[in-house]
Amino acid sequence: MLREGGYPLAVCGIAGYVGPRGSVEVVYDQLKRLEYRGYDSAGIAYLNGVDIKVLKRAGKLSNLGELLGDVPNDTHLAIAHSRWATHGAPTDLNAHPHFDRYEQVAIIHNGIIENYLELKEELARAGHSFHSETDTEIAAHVIGAEYAQGVPLEEAVRRAVRRLRGAYALVVISRKEREKIVAARNASPLVIGLGEGENLLASDIPALLPYTREVVILEDDRIAVLTREGLRILDLDGKEEPIQPIHIEWDIAAAEKGGYEHFMLKEINEQPEVIHQCLAGRIDERNMIRFEQVFSEHVWNEVDRVNIIACGTAYHAGLMGKALFEKMLRLPTDVFHSSEFRYGDPVLSPKSLAIFISQSGETADSLAALRLCKDRRIRTLGIVNVIGSSIARECDRTILTQAGPEICVASTKAYTAQVLVLTLLALHIAQVKEMPGVRPAEYVKALRGLHEHAARALELEPSIIDLAERLHRTPLIFFLGRGPDAHVALEAALKMKEIAYIATQESPAGEMKHGPLALVTEGVVAVFGATCASLRDKLVSNMREVQAREGEVVVVTTDDDTITPTSADHTLRIPGTGFEFLDALLSVIPLQLLAYHVARLRGCEIDQPRNLAKSVTVE
Ligand code: M6R
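Please read these numbers as outputs of a predicted model, since none were measured by experiment.

Scoring rules and cut-offs
Residues numbered from 1 in each chain as written. Predicted model: local features only at pLDDT ≥ 70, side-chain atom pairs only at ≥ 80, totals over all residues. Heavy atoms only, no water. Helix = DSSP H or I, 4+ residues; strand = E, 2+ residues; numbered from the N terminus. Buried < 20%, exposed > 50% of the residue type's maximum accessible area, 1.4 Å probe, protein only. Contact = heavy atoms within 4.5 Å. Pairing = 2+ DSSP bridges. Axes fitted to C-alpha atoms, helices over the stretch in contact; angles between N-to-C directions. Parallel < 35°, antiparallel > 145°, perpendicular 65-115°, else oblique. Left-handed = near helix turned anticlockwise from the far one by under 90°. Nonpolar A, V, L, I, M, F, W, Y, C, P; charged D, E, K, R; others polar. 1 Å grid on protein atoms, 1.4 Å probe; cavity = no way out; pocket = protein on both sides within 12 Å on 5 of 7 lines; lining within 4 Å. Points joined across faces, edges and corners; volume = space filled by probe spheres on them. Domains from an automatic or database assignment. Phe/Tyr/Trp six-rings, centres within 6.5 Å; stacked < 30°, edge-to-face > 60°. Lys NZ or Arg CZ within 6 Å of the ring centre and 35° of its normal. Buried area = accessible area lost by both parts, 1.4 Å probe. Salt bridge = Lys/Arg side-chain N within 4 Å of Asp/Glu carboxyl O. Polar contact = N/O pair within 3.5 Å; in protein donor to acceptor, adjacent residues only side chain to side chain. Core = buried A, V, L, I, M, F, W, Y, C linked by side-chain atoms within 4.5 Å. pLDDT = per-residue confidence, 0-100.

### Digging into the environment of Arg456
Thought 1: Secondary-structure assignment places Arg456 in helix H16 (residues 450-458).
Thought 2: Arg456 gets classed as partly exposed once you look at its relative accessible area, which sits at 44%.
Thought 3: A C-alpha to C-alpha distance of 28 Å links Arg456 and Thr86, two positions 370 residues apart in sequence.
Thought 4: Those residues in contact with Arg456 that sit more than four places away from it in its chain are Asp559 and Pro575.

Next up, the structure:
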């Protein structure tokens, strides 16, 4: 059932326990069971005598483990958190749990509080001071301020969450009410495990399974109150709701993947949520882009050229960036493979900007290219998924893609987030420079609905499975397109060769006649991207060239296309957004699914393809 509805993106790991066992031992074990998702720091809060004791450490979970030697085993209520940083570097101080002003409550949080800066200013005016750079500490102070009014903990949380905007799964304990854990959820996952005389919670089911298989999925805008004896669920008006547990049959390995067979499929399915997270806090009520961490106006007016530098999938995202920057901003932009750039003696204008795109932030060639730019005193901007990574730290400025941990070697959701950040950046610059003819607000309206379009693109999976059945024995697949579709073709081809081990030929469709067409014979498949409406007529000629040589043609296009489907053997239609870059971006989703299902039918090792590593930290 969870699998059908999609699985919400879980960025941080959350655990909680109340019951007769040693609670710290239990929550630490829960965190270990969430380790597969990646994290950069971790912490635990437990009730100790009359206090709440907090232990936290940056880095590996074992760093936290080293602090647990002296913890008494008669502590029966604890919460724990493994952090994937979004606000503030991965340090001991920024690790959760966080206290409120009076150290009466401790909280852990998964998600992003979008209005934390507003709330922080308001709290600072009231005399609050803060120890970390996190949005979570702000939420702790808001809850603490309500709790100081003398209300029960669940009432304080209920009142506080009405003031929070954004995504959160919040878990709170108090010094005074020593028998309860209170949790609240909006758009970040939180599951509750019902045991015998004990109860638990977690951000993900694997962390519950050794203790219970009776699980309650907390819905959005609900507050849960866990004690040893039971669970109460309240809505935001404080009204109690019925509890509907479900029985989980999965084994633990399947549960780590949220019920999906592979991390790749899980990560492909997370893309609607990734889009949501990536936009969170970056578009405002007036449909303007808000990027607090990038350069100021005078820099954008000075930059005369952009060089985008990256490897693999991130390089393909960079090609989309070039197209956007040149079309929207008329700003000359080049894209380089990091390995070529670093040894290529590049010509760099002193007013240029170098953008480094990297999921891991640790790719050796990209890092070396970054250091070269720094030596040459060129401004640098990172677009990185892993906060605290080398590229994120060493760039002058960094924008986080906020895609959550990506486990499968083949990159999927990180690409979508990278292209989305580049789109936001282009719109931000257009806004700052007041570019004539660009209407960022119109674009932003389309961005708001993009996650729903992505969810609809995922619904193509049954037809993609049928198509994969037909194609999985083909010896060669062409990936072709024009305009932005040509860039997506490169990414689709990389996915197919990387995980399905099928040879591919990818290029702009107009290049076919200049050589690659010689490879088309019976049984060869050509996949065309046709989301770019103005170039469809041209594509049809290329499609016919393939069919005339007995090749088979698949087209991926938008639902309003009346031109290319008439010439295709198979058509996959995604919902159109009215913006060609966004349509092209969404078209990668069915192509990722196609690579996945072809690889699956060919019996390939999908999450860890042969000869490849997730992070290429050597040359
Ligand atoms: O971590 P990075 O984004 O810097 O990694 C770059 C490439 O190694 C990476 O995108 C690689 O091409 C993926 N395996 C593609 O799926």
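Having seen the model, we can carry on.
### Things to note about the sheet that holds strand E20 (residues 397-400)
Thought 1: With parallel pairing, the 5 strands of this open sheet are ordered in space as E17-E16-E18-E19-E20. Only two strands of the sheet have a single partner each, and these edge strands are strand E17 (333-337) and E20. Mean inter-strand twist for the sheet, computed between neighbouring axes without regard to direction, equals 20°.
Thought 2: Pairing geometry for strand E16 (residues 306-310) and E17, over 5 bridges, is parallel. Paired with Ile309 across the two strands is Phe336, which belongs to E17.
Thought 3: The strands touched by helix H10 (residues 312-329) are E16, E17 and strand E18 (353-358); relative to E17, the strand with the most contacts, the crossing angle is about 170°.
Thought 4: Contacts from helix H12 (residues 364-375) reach E16, E18 and strand E19 (379-384), with the element oriented near 165° to E18.

### Quick look at the packing of H16 against helix H20 (residues 580-601)
Thought 1: One way to put it is that H16 packs onto H20 with a least axis distance of 9 Å and a crossing angle of 30°. Here H16 lies roughly parallel to H20, going by the angle between them. Along this stretch, H16 crosses H20, giving a crossing that reads as right-handed. In this structure, H16 contributes Leu450, His453, Ala454, Ala457 and Leu458 to the contact, and H20 contributes Leu582, Leu586, Ile589, Pro590 and Leu593.
Thought 2: Looking at the contact of H16 with H20 residue by residue, the classes come out as 9 nonpolar, 1 polar and no charged.

### A short note on the layout of surface pockets
Where empty space is left becomes clear once a probe the size of a water molecule has been rolled over the atoms.
Thought 1: Each pocket or cavity is described by its volume, and for the second largest pocket that value is around 630 Å³.
Thought 2: Residue lining of the second largest pocket: 26 residues in total, with Thr86, His87, Tyr116, Gln293 and Leu400 positioned closest to the centre.
Thought 3: Mapped by element, the contributors of at least two residues to the lining of the second largest pocket are strand E6 (105-113), helix H3 (116-125), helix H13 (390-394) and E20.
Thought 4: The residue makeup of the lining of the second largest pocket, split by class, is 10 nonpolar, 8 polar and 8 charged.
Thought 5: Of the domains in this structure, domain 1 (13-250) and domain 2 (257-448) are the two that each give at least three residues to the lining of the second largest pocket.

### Brief notes about helix H5 (residues 153-161)
Side chains three or four residues apart in an α-helix point the same way, a direct result of the helix having 3.6 residues per turn.
Thought 1: Among the 9 residues that make up H5, 8 are buried, leaving the element largely enclosed by the rest of the structure.
Thought 2: For H5, the complete set of buried residues consists of Leu153, Glu154, Glu155, Ala156, Val157, Arg158, Ala160 and Val161.
Thought 3: In this fold, the buried residues of H5 make contact with E6, helix H4 (135-147), strand E7 (166-174), strand E8 (181-186), strand E12 (222-226) and strand E13 (231-235).

### A few points about the packing of aromatic side chains
Thought 1: Evaluated as defined, the whole model comprises 3 aromatic pairs.
Thought 2: Ring geometry for Phe336 against Phe341: centres 5.1 Å apart, planes inclined by 70°, an arrangement best described as edge-to-face.
Thought 3: Against the face of Tyr501 rests Arg610, its NZ or CZ located 3.7 Å from the ring centre.

### What to know about the domain arrangement of the chain
Thought 1: Each domain of the chain was delimited in the assignment, giving domain 1 (13-250), domain 2 (257-448) and domain 3 (457-606).
Thought 2: For domain 2 versus domain 3, the distance between C-alpha centres works out to 25 Å.
Thought 3: The interface is formed by 30 residues belonging to domain 2 together with 25 residues belonging to domain 3.
Thought 4: For the pair domain 2 and domain 3, the summed buried area comes to about 2,500 Å², and 73% of that belongs to carbon and sulfur atoms.
Thought 5: Viewed at the interface, domain 3 and domain 2 are joined by 2 salt bridges.
Thought 6: For Glu261, the salt bridge is made with Arg600, and the minimal N-O distance between the two is 2.9 Å.
Thought 7: Taken together, domain 2 and domain 3 are joined by 8 residue pairs in polar contact (both at pLDDT 80 or more).
Thought 8: Those elements giving two or more residues to the side of domain 2 that touches domain 3 turn out to be helix H7 (263-269), helix H8 (271-279), H10, helix H14 (413-433) and helix H15 (440-448).
Thought 9: The residue makeup of the side of domain 2 that touches domain 3, split by class, is 17 nonpolar, 10 polar and 3 charged.

### Focus: the nonpolar core
Thought 1: In this structure, Phe325, Ile355 and Leu425 are the most contacted members of the largest nonpolar core, which totals 101 residues.
Thought 2: Of all the elements, H20 adds the most residues to this core, at 14 residues.
Thought 3: A domain-level breakdown of this core finds at least three residues from each of domain 2 (257-448) and domain 3 (457-606).
Thought 4: Leu34, Tyr46, Val71 and Tyr211 belong to the second largest nonpolar core, which has 29 residues in total.

### Examining the environment of Gly43
Thought 1: With respect to the element layout, Gly43 can be found in strand E2 (residues 41-48).
Thought 2: When the C-alpha atoms of Gly43 and Ser82 are compared, they prove to be 6.6 Å apart, with 39 residues separating the residues in sequence.
Thought 3: Beyond its immediate chain neighbours, meaning those up to four positions away, Gly43 contacts Leu31, Leu55, Lys56, Leu64, Ile79, Ala80, His81, His96 and Pro97.

### Description of the sheet that holds strand E24 (residues 552-558)
Thought 1: Taking strand neighbours across the sheet as the criterion, the 5 strands line up as E22-E21-E23-E24-E25 in an open arrangement whose pairing is parallel. Where the open sheet ends on each side, the last strands, each with one partner, are strand E22 (503-508) and strand E25 (570-574). Geometrically, the sheet is characterised by an average inter-axis angle of 15° between neighbouring strands, direction not taken into account.
Thought 2: Where E24 lies against E25, 5 bridges are found, and the strand directions are parallel. Its bridge partner lying in E25, Val556 is registered against Leu572.
Thought 3: Strands strand E21 (476-481), strand E23 (525-529), E24 and E25 of the sheet are contacted by H20, whose axis makes an angle of about 130° with E25.

### With respect to the confidence of the model for the chain
Thought 1: Of the residues in the chain, 97% have a pLDDT of 70 or more, and the chain-wide mean is 93.
Thought 2: When the criterion is pLDDT under 50, residues 1-8 qualifies, and its contacts beyond four places in sequence or with other chains add up to 17 contacts.

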